[in-house]
Amino acid sequence: MATNPETRLTELGITLPVPAAAVANYVPSVLTGSLLFVSGQLPLENGKAAVVGRLGDTVTIEDGVRAARLCGLNLLAQARAACGGDLNRVKRLVRMTAFVAGTPDFFDQPKVVNGASDLMVEVLGEAGRHARVAVGVAALPLNVAVEIEAIFEIA
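Description of the structure in this document. (Residues numbered from 1 in each chain as written. Predicted model: local features only at pLDDT ≥ 70, side-chain atom pairs only at ≥ 80, totals over all residues. Heavy atoms only, no water.)

## Remarks on the sheet that holds strand 5 (residues 90–101)
Here is step 1: In spatial order, the strands read 1-2-7-5-6; together these 5 strands make up an open sheet with mixed pairing. In the strand order of this sheet, the two ends are held by strand 1 (29–32) and strand 6 (131–137), each with one partner. Pairwise comparison of adjacent strand axes, ignoring direction, gives a mean angle of 15° for this sheet.
Here is step 2: As defined by bridge partners, strand 5 adjoins strand 6 across 7 bridges and the pair is classed as parallel. For V100, the partnering residue across the bridge sits in strand 6 and is G136. (Pairing = 2+ DSSP bridges. Helix = DSSP H or I, 4+ residues; strand = E, 2+ residues; numbered from the N terminus. Axes fitted to C-alpha atoms, helices over the stretch in contact; angles between N-to-C directions.)

Rendered as structure tokens:
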């Protein structure tokens, strides 16, 4: 039996945030055919950057995992909005691309990004298992620690 994402959110006690509006010349998501491309989401909480700084400097791995999870929540919020308010239209998460701001000697990007990957499996079940890229970068918008984009397959 397939996982019902809306039911899982309730069971997990998760309330998705209001989807963030685009802050530059782009749109939050694009649906083409059965693929939904969601623009990079930041670790926003109540509309503000919740985890700022760089891993290996002022941000711990635990804080980085929290940042990735917040990005994941924002990805799900954008996907729900693009699906007319019904996250059950998501057939699967195809791929996530994650950017982790870190010092030159920080190499644990995959551990950080697991914060979002684990969330997706919690909410979407097997449909949340995905291909992934975790890239280290010098800096991200608003000095956040993590930014993640995603591609979903939509029914």
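Don't stop here, the text continues.
## So, a nonpolar patch on the surface
Here is step 1: Taken together, V27, V30, L35, F37 and V94 make up a surface patch of nonpolar side chains, about 350 Å² in accessible area.
Here is step 2: When you line up the elements, V30 lands in strand 1. (Patch = residues over 30% accessible without salt bridge, like charges linked within 9 Å, V, L, I, M, F, W, Y side chains within 5 Å. Areas by Shrake-Rupley, 256 points an atom, 1.4 Å probe, with all protein chains shown as cover. Salt bridge = Lys/Arg side-chain N within 4 Å of Asp/Glu carboxyl O.)

## Looking at the state of the cysteines
Here is step 1: Counted according to the given criterion, the structure contains 0 disulfides.
Here is step 2: Its sulfur unpaired, C71 is 19 Å from the next cysteine sulfur, which belongs to C83.
Here is step 3: By relative accessible area, which is 0% here, C71 ends up buried.
Here is step 4: Look at C83 and you get buried, because its relative accessible area is 4%. (Disulfide = S-S within 2.5 Å. Buried < 20%, exposed > 50% of the residue type's maximum accessible area, 1.4 Å probe, protein only.)

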